[in-house]
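As a plain string of letters, each chain reads:
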Amino acid sequence: MIGGSTIEAELAKLKPPVAAEAISAAEYQVRLDKARKLTRDLGAKALLVGAGASLRYFAGVPWGASERLVAMLLPVDGEPLIICPFFERGSLEADLKIPAELRLWQEDESPHALIKQAMSDWGGGGIAVDPALSFEMVSRLMRETGLAIQEASSVINGCRMYKSTAELALMQQAKSMTEIVHKATARILRDGITTTEVINFIEAAHRKMGAAGNSFVIVQFGHATAYPHGLPGVQTLNENDLVLIDTGCYVQGYTSDITRTYIYGRATPEQQRIWDIEKEAQAAAFAAVEVGKPCESVDYAARAILERHGLGPDYSLPGTPHRTGHGIGLAIHEPAYLVRGDKTPLMPGMCFSNEPMIVVPERFGIRLEDHMYVTETGAKWFTEPQAAIDRL
């Protein structure tokens, strides 16, 4: 149903689901062991992971990066150590999920000296560095330590791209919550409601469901739907506007990211036609998932549908201006990507958005986005795709 309810009534209906289990201590150890192997395969003696999604993945520390170095240094043989400012010790110990030695630095000291000393203690050798570590920090590390450094994408991606059963359960919880919030949001729409009111409702609804708030939210009405990530300013809903809402939430760090596009009123024949093509392209991308095939094959499958209907080709408009999908997990966008040129083989445990958005320039856009994960027999949905242009 589109419209007909109130914000208060819809919030009252929402109840937190049964929570998925947290990542276990045993799983953290499996991750560290795999990282050690992949680091050894690179020829490096240790892996350096800075604050951010990867530090959360390996050590359970949910901190964002800042100008102060907080990092895990993981030797290929031996236990990890954490480099951290001295004054953050208590906070770090409260979050840390793995056994690790702490090496702490004061504000007038260099954390890189601690890394150099640790590598010396371990007999020397080079470091594989988290690609998310800032250029400034890597430059200082090289300048102050003289250590040989190489980029560690193959280690980070080689671990994080393939989700475990526990990770899939956390992602399922987040996505199921967002799907419920989408349906509730459609019911609160009314003439004159603003994008700000809808955004505020989505935030409140996610929290009522037990999420740690929105990971993001985009609300677009009418003409603004022609811009994949929207237009600035507040919009007001009018009869027969298209509504595009793209949002997600966090559950223990794992994120959802679901988009629905529907009509508030009556769709024009052209809007219905484009919506139907979008749904067909999304289904073709899902059907194209096959273990061992390159990620780009899914993008080709979606674009073939558009070209069959006279859209595109490639990134030409009207058509699909961006990739068919992205990896997802502890970050909203992470490798691998469903786009031409990404030849990463599809393997069990990989998770992707499926969103071959169609844009009709200056008029409207349709994006249907659900997420899927790869199994031995093909793709499986986390959430069922939208049913029709006038219902969710």
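Details of the structure are given in the entry above.
Counting restarts for each chain: residues are numbered from 1 in the order of the written sequence. Local features are withheld for residues below a pLDDT of 70 in this predicted model, meaning they are given only at 70 or higher, and side-chain atom pairs are given and counted only at 80 or more; totals for whole chains, interfaces and linings count all residues. To obtain the side-chain values, all non-hydrogen atoms of the structure were used and water was disregarded.

### Remarks on the sheet that holds strand β1 (residues 46–50)
Let me state the cut-off plainly: Pairing between strands requires that DSSP locate at least two bridges from one strand to the other. Helix numbers and strand numbers start at the N terminus; a helix is a DSSP run of H or I with at least 4 residues, a strand a run of E with at least 2. Whenever a helix is involved, its axis is fitted only over the stretch in contact; in every case the axis is a line through C-alpha atoms, and angles between N-to-C directions fall within 0 to 180 degrees. Should any heavy atoms of two residues lie within 4.5 Å, those residues are considered in contact.
The mixed open sheet is built from six strands, whose spatial order is β4-β3-β2-β1-β5-β6. Sheet topology places β4 (101–105) and β6 (149–151) at the edges, where each strand pairs with a single neighbour. Direction aside, neighbouring strands of the sheet carry axes that sit 25 degrees apart on average. Inspection of the sheet shows strand β3 (residues 81–85) paired to β4 by five bridges, in the parallel sense. The residue of β4 that forms the bridge with Leu81 is Glu101. Most of the contacts of helix α2 (residues 25–42) go to strand β2 (residues 71–75), to which it runs at about 70 degrees, and overall it touches β1, β2, β5 (127–129) and β6. Helix α5 (residues 111–121) rests against β1, β2, β3, β4 and β5 of the sheet, and its axis sits at about 140 degrees to β4.

### Notes on the packing of aromatic side chains
Put simply, the rule is: Two rings from Phe, Tyr or Trp (for Trp, the six-membered ring) form a pair when their centres sit within 6.5 Å of each other. Planes less than 30 degrees apart are called stacked, planes more than 60 degrees apart edge-to-face, and all others tilted. Between buried and exposed lies partly exposed: a residue is buried under 20% and exposed over 50% of the maximum accessible area for its type, with that area taken using a 1.4 Å probe on protein chains only. Two conditions define a charge located above a ring, namely a distance within 6 Å from the ring centre to NZ of Lys or CZ of Arg, and an angle within 35 degrees of the ring normal.
Enumeration according to the criterion identifies three aromatic pairs in this entry. Measuring from centroid to centroid gives 4.9 Å for Tyr57 and Phe58, while their planes differ by 90 degrees, and the two rings are edge-to-face. A single burial state applies to Tyr57 and to Phe58, both of which are buried. One Lys or Arg, Arg31, reaches over the ring of Tyr57 and ends 4.0 Å from the middle of that ring. Cation over ring: Lys175 sits above Phe382, and NZ or CZ is 5.1 Å from the ring centre.

### So, the packing of α5 against helix α6 (residues 135–145)
The line we're drawing: Note on terminology: angles under 35 degrees are roughly parallel, angles over 145 are roughly antiparallel, angles of 65 to 115 are roughly perpendicular, and the others are oblique. Each helix crossing is assigned a hand: it is left-handed if the near helix lies turned anticlockwise from the far helix by less than a right angle, otherwise right-handed if that turn is clockwise. Gly is placed with the polar residues, together with every amino acid not listed as nonpolar (Ala, Val, Leu, Ile, Met, Phe, Trp, Tyr, Cys and Pro) or charged (Asp, Glu, Lys and Arg).
Two numbers describe how α5 lies on α6: the axes approach to 9 Å, and their chain directions differ by 55 degrees. Looking at the two axes, α5 sits oblique to α6. Read as a crossing pair, α5 and α6 show a hand that is right-handed. When α5 is examined against α6, the residues His112, Ile115 and Lys116 are found in contact with a partner set consisting of Met137, Arg140, Leu141, Glu144 and Thr145. For the contact of α5 with α6, a count of residues per class yields three nonpolar, two polar and three charged.

Everything listed here is a matter of coordinates, which is why it stays silent on function.
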